[in-house]
Amino acid sequence: MSRVRPGLVAAISAIALTAGCASSSTTAAQDPAATATTATSTAVPTAKMSPISSPSPEATSATARALPDGYDANRNAKADIQAALATAAKEHREVLIDFGANWCPDCKVLDAMFHSAQVEPLLQKDYVVVAVDVGEFDHNIDLASKYVDLQTSGIPALVVLQPDGTLRTATNDGSFANAQTMDAGQVSAFLTRWAPGGNQ
């Protein structure tokens, strides 16, 4: 019996990873002209779905902080965003809001990439990250609608704000809703493009 369990868990995980995290009205075809990123690779991410690691040893500066660990439905997302904006203003960073949910395989893949050696240093250097739980598209929806259209973006949906709260970009095109088809290089390209002083 103990030998069957790991195999069963792996099978369930594989089935879960085949499902996307788009909202019910998100279509598979996206308008390329509206794409927030220019990445086209369909490489499978190399990040493991194991428990999230803590920040790398290199992230030890005074401004380094742990990235969000999943989406906490009990957090006050509005207060978290306000606190992030204040921190971003002091530290000359942007605010990256990650709208998603713990049930979403694509959100888990993106979270793993956020904690990867290629992506985490960019986040630590240029962003204050806020993870906002949207439940099953029934939680924090009013807040999300201020920044992104979840009907077209699906989840995860990313939003970049300037420290004064000005919206720089939102992935309304659904470019991250299929994070399982992305790699860390594509995520890094997005973060580099929208970093303070980045080329938009």
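Structure first, text after, so check above.
Our subject in this report is the structure included herewith. It should be emphasised that the depicted structure is a prediction, and the values quoted were computed from it without experimental measurement.

Concerning the environment of Asn-76
Here Asn-76 is to be found in the loop between α1 (4-17) and α2 (77-91). For Asn-76, a relative accessible area of 48% corresponds to the partly exposed category. Along the chain, Asn-76 and Val-132 lie 56 residues apart, while their C-alpha atoms are 8.8 Å from each other. Polar side-chain contacts of Asn-76 include one of 3.3 Å to the backbone nitrogen of Lys-78.

Quick word on the packing of aromatic side chains
Under the defined criterion, the tally for this structure stands at 2 aromatic pairs. Seen in terms of ring centroids, Trp-103 and Phe-137 are 6.5 Å apart; in terms of plane orientation they differ by 65°. Their pairing is edge-to-face. Linking Trp-103 in the loop between β1 (94-100) and α3 (105-114) with Phe-137 in the loop between β2 (127-133) and α5 (141-145), this pair joins segments that are 34 residues apart in sequence. Between Phe-176 and Phe-190, the ring centres sit 5.1 Å apart and the planes meet at 75°, which makes this aromatic pair edge-to-face. A residue pair is termed long-range when its members are at least 10 positions apart, and Phe-176 in the loop between β4 (167-170) and α7 (184-194) and Phe-190 in helix α7 qualify at 14 residues. The exposure classification of Phe-176 matches that of Phe-190, with both residues buried.

Describing the pairing of β1
Here β1 lies mainly inside the structure; 7 of its 7 residues are buried. Burial along β1 is two-sided: Glu-94, Leu-96, Asp-98 and Gly-100 and Val-95, Ile-97 and Phe-99, pointing in opposite directions, are all buried. When β1 meets β2, the two strands line up parallel, connected through 7 bridges. What sits directly across from Glu-94, in β2, is Tyr-127.

Looking at the sheet that holds strand β3 (residues 157-161)
Read across the sheet, 4 strands follow the order β2-β1-β3-β4 without closing on themselves; strand pairing throughout is mixed. Of all the strands in the sheet, just β2 and β4 have a single pairing partner and so form its edges. The average undirected angle you get between the axes of adjacent strands in this sheet is 20°. Contacts from α7 reach β1, β2, β3 and β4, with the element oriented near 160° to β4.

Things to note about the nonpolar core
Ranked by size, the top nonpolar core spans 28 residues in total, and within it Ile-81, Ile-97 and Phe-99 carry the most contacts. Elements supplying a minimum of two residues to this core: α2, β1, β2, α5 and β3. Every residue in contact with Ile-81, bar those within four places of it in the chain, is listed here: Ile-97, Val-130, Val-132, Leu-143, Tyr-147 and Leu-161. Counting 21 residues, the second largest nonpolar core, distinct from the first, contains Leu-67, Met-113, Ala-184 and Leu-191.

Brief notes about α7
Side chains of residues three or four places apart in an α-helix project in the same direction, reflecting 3.6 residues per turn. Turning to α7, its buried residues are Ala-184, Gln-186, Val-187, Ser-188, Phe-190, Leu-191 and Trp-194. On its buried side, α7 packs onto β1, α3, α4 (120-126), β2, β3 and β4. By the N-cap criterion, in which a side-chain oxygen at the helix start approaches the backbone nitrogen of a residue two or three places on, α7 is capped by Asp-183, the distance to Gly-185 being 3.0 Å.

As for empty space enclosed by the protein
Using the criterion set out here, one finds 2 cavities of 30 Å³ or more in the structure. Size it by volume and the largest cavity reaches roughly 40 Å³. When contributions to the lining of the largest cavity are tallied by element, the ones reaching two or more residues are α3 and β2. Of the residues in the lining of the largest cavity, the class split is 6 nonpolar, 1 polar and 2 charged. Here the second largest cavity defines a volume of roughly 30 Å³. Residue lining of the second largest cavity: Asp-72, Arg-75, Ala-77, Asp-80, Ala-131, Val-132, Asp-133 and Asn-140, and that is the complete set. Elements that contribute at least two residues to the lining of the second largest cavity include exactly α2 and β2.

Remarks on α3
Burial within α3 is extensive, with 9 of its 10 residues counted as buried. Those residues of α3 lying buried are Pro-105, Asp-106, Cys-107, Val-109, Leu-110, Asp-111, Ala-112, Met-113 and Phe-114.

What counts and what doesn't
Residues numbered from 1 in each chain as written. Predicted model: local features only at pLDDT ≥ 70, side-chain atom pairs only at ≥ 80, totals over all residues. Heavy atoms only, no water. Helix = DSSP H or I, 4+ residues; strand = E, 2+ residues; numbered from the N terminus. Buried < 20%, exposed > 50% of the residue type's maximum accessible area, 1.4 Å probe, protein only. Polar contact = N/O pair within 3.5 Å; in protein donor to acceptor, adjacent residues only side chain to side chain. Phe/Tyr/Trp six-rings, centres within 6.5 Å; stacked < 30°, edge-to-face > 60°. Pairing = 2+ DSSP bridges. Axes fitted to C-alpha atoms, helices over the stretch in contact; angles between N-to-C directions. Contact = heavy atoms within 4.5 Å. Core = buried A, V, L, I, M, F, W, Y, C linked by side-chain atoms within 4.5 Å. 1 Å grid on protein atoms, 1.4 Å probe; cavity = no way out; pocket = protein on both sides within 12 Å on 5 of 7 lines; lining within 4 Å. Points joined across faces, edges and corners; volume = space filled by probe spheres on them. Nonpolar A, V, L, I, M, F, W, Y, C, P; charged D, E, K, R; others polar.

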